[in-house]
Amino acid sequence: MTSTLSPGVAITGTGAPLPLVALPQGELLTVNIDQIPMLKDLVGPGIHIQPLRLDLERGEWVFLATLAPGCELPLHYHTGPAQVWTIQGRWLYREYPDQPQVAGSYLYEPGGSTHTFYCPEDNTEDTVALAWIEGAQVSFNEDGTFHSVMDAVALQYLIQTAAAEQGLTVPYIDGGVNAVNNA
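Residues numbered from 1 in each chain as written. Predicted model: local features only at pLDDT ≥ 70, side-chain atom pairs only at ≥ 80, totals over all residues. Heavy atoms only, no water.

Details of the sheet that holds strand S14 (residues 137-140)
The sheet built from 4 strands is open, its strands ordered S11-S6-S14-S15 with antiparallel pairing. Strand pairing shows two members of the sheet lacking a second neighbour, strand S11 (114-115) and strand S15 (146-150), which therefore form its edges. (Pairing = 2+ DSSP bridges. Helix = DSSP H or I, 4+ residues; strand = E, 2+ residues; numbered from the N terminus.)

So this is what it looks like as structure tokens:
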């Protein structure tokens, strides 16, 4: 992890000071998807995750998901907004069967949106999507009873547990300390 930096006067490439105090950045906060192992079945069968950024303090979780045909999540709602960019394949919400999300689709969901995610079994390829979620995903069973909560804290726990069990290093950006974490 990088050390904490103190605010100061930022300068241009020629050494001229900028008129405002800034927080200098010692290094870029970057990860490469090719160096992040795919954590298979991390949140459910057929749902494989590569974490990009987890910010436990802000409740934000950003990840690349590779989704097998036929995978699904229980009915759930998000306490904050969720954004999903579909890179490859196709997925839907059961409540919106006429609005499939396909390669190139960008979806914005305001907090409180309720839906049931699934990838059709007749998909001929895995679906790949980038998701940025703020807050928690609260899931329910078919009878309306509570199922589970997934948020940045829970996802970090699952990542750390899987990494330890499999002897993996899983780099992702830790938003709380502004560093690359190697779980």
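Read on, since the account is not over.
Some thoughts on the packing of aromatic side chains
Under the counting rule described, the total for this entry stands at 4 aromatic pairs. Ring plane angle 25° and centroid distance 5.8 Å describe the contact between Trp 61 and Phe 63, whose orientation is recorded as stacked. Looking at Trp 61, the relative accessible area reads 3%, which means it is buried. When the ring of Tyr 77 is compared with that of Phe 140, the centres are 5.9 Å apart and the planes differ by 20°; the resulting orientation is stacked. Residue Tyr 77 is located in strand S6 (residues 76-78), and its partner Phe 140 is located in strand S14; the two are separated by 63 residues in the primary sequence. On the basis of relative accessible area, Tyr 77 is assigned to the partly exposed category, the value being 30%. A connected cluster of aromatic rings, assembled from ring pairs, spans Trp 91, Tyr 93 and Phe 117. Over the ring of Trp 132 we find Arg 53, and its NZ or CZ is 5.4 Å from the ring centre. Above the plane of the ring of Tyr 118 lies Arg 94, whose end atom (NZ or CZ) is 3.9 Å from the centre. (Phe/Tyr/Trp six-rings, centres within 6.5 Å; stacked < 30°, edge-to-face > 60°. Buried < 20%, exposed > 50% of the residue type's maximum accessible area, 1.4 Å probe, protein only. Lys NZ or Arg CZ within 6 Å of the ring centre and 35° of its normal.)

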